[in-house]
Amino acid sequence: MRELVVLGTACQAPTRRRNHNGYLLRWDGEGILFDPGEGTQRQMLLSGVAATDLTRVCLSHFHGDHCLGLPGVVQRLSLDQVSRPVPVHFPASGQEYLDRLRHATPFHDVTDMPEHPVEEDGPVATGTFGTLSAHRLDHTIDSFGYRLVEPPGRRMLPDRLAAAGIAGPDVGRLQRDGWLVVDGRRVTVDEVSEQRPGQRFGFVMDTRLCDGVYALAEGADLLVIESTYLSAERALADRFGHLTAAQAGRVAAESGVRTLVLSHFSQRYPDPDGFRAEAAEKFGGTIVVAEDITRVPVPKR
Ligand SMILES: [Zn+2]
């Protein structure tokens, strides 16, 4: 199962309808929590996400709307006796803030949370899920976005398997060894399959438009991107280091994104329809204006 669980969508101050940020990416067995803002623990409960589902935490930066929920999540992991390590990735320059959030108040500290400070662009973790990498963004303080890329695989083609007379356990044997002898003829896996590109997920939070945004968005099946403002407030976006919905749409169009998830909305806009309209002027793919406690599937390749 691969999906985004939207926990919160507000920047700066929460509203009656929008909690501070919070996003959980379910990716097979992984549960990667991005930017747990204040109230994330309860948003998880309302979304059906258990502390035991979390395998990793990624922080884009240390403004409160992106990390003040971390102490609650940290202590909940220990309360629920999560015994496997849950690594945390965060901008290295914010080490002192990470220290405070990690040990905000006394609690029985059970869960190991290895710290992975991010200093530069590049891979930060690899595993069966693929490669998780970070790219620097352009905000008022150090900010990094994250990108998950699955390696390409192969998709078996049933008609060609049938034509070659391969069925049952032989299919697994062929996938494992790369070739098989059927009735004296050698059949390679390439003959009966085609390449399946790996899925890609991008996460872009607080930033102005910069190279990092494009590096994170490139070919993403699902891109979560901040769109704090509408174009009328473009000057404010530049000044405070944010994007407009039109800029987010442009990035998606130029980067070959499939599903665009807009989030991190300023509380000055009571109605989110303007965000969709602005992004749709630039981008013809699927646009989701994120709402709290919703799920967005990662589109299949
Ligand atoms: Zn923010």
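Residues numbered from 1 in each chain as written. Predicted model: local features only at pLDDT ≥ 70, side-chain atom pairs only at ≥ 80, totals over all residues. Heavy atoms only, no water.

Enquirer: Can you tell me about the coordination of the zinc ion, naming the residues and giving the values?
Expert: Donor atoms from the polypeptide that bind the zinc ion are D65 (OD), H66 (NE2), D206 (OD) and H264 (NE2), placed at 2.0 to 2.6 Å. One can describe the donor arrangement at the zinc ion as irregular, given that its four donor atoms subtend angles of 90 to 157° at the metal. Mapped onto the sequence, the residues coordinating the zinc ion show the spacing D-H-x139-D-x57-H. Note that H66 is positioned in the loop between β4 (56-58) and α2 (70-79) and D206 in the loop between β14 (200-204) and α6 (211-217), a separation of 140 residues in sequence. (Donors = N, O, S within 2.8 Å, 3.2 Å for Na, K, Ca; no water. Tetrahedral: all angles 85-135°; square planar, octahedral: opposite > 155°, others 65-115°. Helix = DSSP H or I, 4+ residues; strand = E, 2+ residues; numbered from the N terminus.)

Enquirer: Now, about the pattern of salt bridges: what can you tell me, with residues and values included?
Expert: Throughout the structure, instances matching the rule amount to 22 salt bridges. As a salt-bridge pair, D138 and R208 come within 3.1 Å of each other at their nearest N and O atoms. Here D138, found in the loop between β8 (130-136) and β9 (144-149), pairs with R208, found in the loop between β14 and α6; they are 70 residues apart in sequence, far enough to count as distant. A relative accessible area of 21% places R208 in the partly exposed class. Through salt bridges with shared partners, one network takes in R2, D28, E150 and R196. (Salt bridge = Lys/Arg side-chain N within 4 Å of Asp/Glu carboxyl O. Buried < 20%, exposed > 50% of the residue type's maximum accessible area, 1.4 Å probe, protein only.)

Enquirer: Got a sec to walk through the nonpolar core? Specific residues and values, please.
Expert: In this structure, L223, I225, L260 and L262 are the most contacted members of the largest nonpolar core, which totals 27 residues. Every element with two or more residues in this core is listed here: α6, β15 (222-226), α8 (245-255), β16 (259-263), α9 (273-282) and β17 (286-289). Considering each element in turn, this core owes the most residues, four residues, to α8. For L223, the residues in contact, after removing those within four places along its chain, are G202, F203, V204, A217, V251, V257, T259, L260 and V261. Core analysis: the second largest hydrophobic core is formed by 25 residues, V6, V118, A134 and Y146 among them. (Core = buried A, V, L, I, M, F, W, Y, C linked by side-chain atoms within 4.5 Å. Contact = heavy atoms within 4.5 Å.)

Enquirer: Describe α2, listing the residues and the values that go with them.
Expert: For the α-helix, the turn length of 3.6 residues means that residues three or four positions removed from each other point alike. Among the residues making up α2, those that are buried are L70, P71, V73, V74, L77 and S78. All buried residues of α2 lie within an arc of 165° about the axis, which places them on one face of the element. The inward-facing, buried residues of α2 contact β3 (30-34), α1 (40-47), β4 and α3 (95-102). Looking one or two residues past α2, Q81 carries a phi angle of roughly 60°, positive in sign. (Arc of directions from axis to C-beta.)

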